[in-house]
Every structure is written in C-alpha cells, then in structure tokens.
Amino acid sequence: MRQRAETIPTPEEVEIFITGAVHSPASRTARAAAGIFIEDGNPSCKGKCIPVAGEQSQYAAELFRVAALEATKITHRDTILTITSTQTHIMEAMNKKLPDWELEGWVDVKHRDVLRCLAAELKARRARTTFKIAAPASPEKAWCLKASILAKQSARNRVEERWDLTLPPNTALPGMRLQGNRQHVFYRSIREIKDRNRTPRPSTLKMLDAVRKDVEAAFGRYVTDADIWLALTAKDLLPRTTQFLWKGLHKAHRIGNYWNHIPECGDRAICQECGVLEDLEHILLRCTSPGQNIVWQTAETLWRRKKKSGP
Ligand SMILES: [Zn+2]
C-alpha cells in the first residue's frame, strides 16, 4: 500500500470544491494553478501550480482535472467524496469518455497522464465518489469562487509544486483492447510509438520558439507548438499560403544555407544586395532591395480593403 503524506481525517463524507486559474502578466509567461476548497480554516484548502511548464494558458479543462486529482488524493479512500466544480469537463471525462479511452489504450488523449492517474485513484477508492456542478448563485458557486482565489494566489506566486502521478497498483489497464477496437485507433497508436522515437529538427524547434515569443510579445498570449501547427490549417489561408508557412517553420525554403550544401551554388546563399546570409526574415522584413516597400504597401492596401468589407 502506498503511503499518503496527507489525508483529510474526516471519516464520513466530504465535499471538495475545485477550480483552476491562469495568471498571465504582461511580458511574462502565463502560470496556471488548480485550487481546492473544503471549508474555511481547513488546512487542506490550497492552490497548486500545474507542473507542465509549457502548457499553462488555455487548458481550463486540464486545470479542473488536476484539481480533481488533488481532491481525490488528499481524501481518505473510505470517505464518501463529492467533487464540485463550475465546469463539466471532469464530470464528462470520467463519466462518459473514460470507457472509450481505456478501450482505445488512451491513444490521442491530451494530458492522459493526469487523467489516467485520476481514473486509477477513483478506482482505488472504497467509498463512493460523485461529481457535481455548482448551480449559479448557489452557496456551492461561492465556495468554488474561494477555490478560484486560492488558485489565483498560487499562480501569482509561481511556487513550483511536485505532482505525484504514480498509479495505485492494480487499478489501470495496460495497453489497449485488441477486440472491438477500430483500425484507425491501432494506426494512431502505431504513429504515437513512432513519433516518440522521432527527434525534432533543431531548426524547426528554433522557428517555433521564435514564433511563440513574437506571438506573446504582440498579443500577450502563450501558444504551444500544437497551436502554431493548427493555425496553419485556418480556413482563411489558401493551400499555397499554408504550404509557404509550413516550409517557413521548417526552414525548408530553398534560400540561404540550402545553397551552401550544393557545389558551385554557394554564392546564392548570400543576398546580392545586402551581402548577408539570406533567410526568410531577411527577405520579408530586412532586405533593402528595391521593391520591398511596394510589396508591403500593396499588402496593407489589400488588408484594409478586406477589413472594410468584413463583418
Ligand atoms: Zn538583402
């Protein structure tokens, strides 16, 4: 049996209010935390920063999941537990989606580590666990708000926390079920295993970091790699534009260093006008070649015209 550092001693029944909050100050990376509240003065009430450093901002659902996990971990397994929140994320995940996720071996499930641990903790409980949604203007809603205050304080203070995602023994099914699964699930599972062994291209990682920093500086919003790749598939972009941006992110355009690897073509790597190594940033923004201004002015005119005719 695993040792638990802290457990709520109440033997009968407990209701825990959970929520999540994001603190995103200007020019600093956003920090997210989960909050749990039981009753005033209870030492187990707390806010706790979520461990994933990179994915702090938009995943409200994730915050509720980690808060629910914490609520489950600190409650004695023989105590009847009600987990109340203002959102349906966690209730839907555990009551509706869990059987499919287990059948499919958690393939393609975002933040599966936390969800899998939560499901295992729930199975390890000997007493009943219920998920509840706080009604508007109810006392439960007010207590969820107190959990939110704790989460915000924690996110603001940016205290690094340790999260134990060890699964209790004999609670989680390993692998995926062979019977009853569809072919595309097996295919995605094989892709996941292959992707795990794939090393990302250093030049692509650099470009993604540069895009991330620029988006944060311009819009104050943290974006993940997945957000950036997904943005390329926006319906507003024509396929050729998507291809151009995709190549740009991979540094796959035939410019600059590309020519240094081809015999007798090394001189094409250098901008003939400025005498520096060409890259996409230089061509689009920095090159002093005549005509660049005209292109940007035309783009601006088109952009303004589109704005006028927009909704
Ligand atoms: Zn140039």
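Just so it is clear, the structure is predicted and the values come from calculations on it, not from any experiment. (Residues numbered from 1 in each chain as written. Predicted model: local features only at pLDDT ≥ 70, side-chain atom pairs only at ≥ 80, totals over all residues. Heavy atoms only, no water.)

1. Points about helix α8 (residues 239-250)
Item 1. Along its 12 residues, α8 runs 16 Å from first to last C-alpha, staying within 8% of the 16 Å computed at 1.5 Å per residue.
Item 2. By the burial criterion, the buried members of α8 are Thr-242, Gly-248, Leu-249 and His-250.
Item 3. At its buried positions, α8 is contacted by α6 (202-219), α7 (225-231) and α9 (280-286). (Helix = DSSP H or I, 4+ residues; strand = E, 2+ residues; numbered from the N terminus. Expected span 1.5 Å × (residues − 1). Buried < 20%, exposed > 50% of the residue type's maximum accessible area, 1.4 Å probe, protein only. Contact = heavy atoms within 4.5 Å.)

2. Focus on the nonpolar core
Item 1. Ranked by internal contacts, the top residues of the largest apolar core, which has 39 residues, are Ile-16, Ile-18, Ile-83, Met-94, Trp-106, Leu-115 and Leu-118.
Item 2. Only β1 (13-23), β2 (31-37), α1 (60-74), β4 (80-85), α2 (89-103), α3 (112-124) and α4 (139-157) provide two or more residues apiece to this core.
Item 3. With 8 residues, the single largest contributor to this core is α1.
Item 4. Ignoring anything within four residues of it in the chain, the contact list for Trp-106 reads Leu-98, Trp-101, Arg-112, Leu-115, Arg-116 and Ala-119.
Item 5. Leu-208, Ile-228, Leu-232 and Leu-249 belong to the second largest nonpolar core, which has 5 residues in total. (Core = buried A, V, L, I, M, F, W, Y, C linked by side-chain atoms within 4.5 Å.)

3. Structural notes on the coordination of the zinc ion
Item 1. The coordination sphere of the zinc ion, as far as protein atoms go, consists of Cys-271 (SG), Cys-274 (SG), His-282 (NE2) and Cys-287 (SG), spread over 2.1 to 2.3 Å.
Item 2. Around the zinc ion, the 4 donor atoms are arranged such that angles at the metal cover 106 to 113 degrees; this shape is classified as tetrahedral.
Item 3. Summarised as a motif, the one-chain spacing of the donors to the zinc ion is C-x2-C-x7-H-x4-C.
Item 4. For Cys-271, a relative accessible area of 4% gives the class buried.
Item 5. On the accessibility criterion, Cys-274 (27% relative accessible area) is partly exposed. (Donors = N, O, S within 2.8 Å, 3.2 Å for Na, K, Ca; no water. Tetrahedral: all angles 85-135°; square planar, octahedral: opposite > 155°, others 65-115°.)

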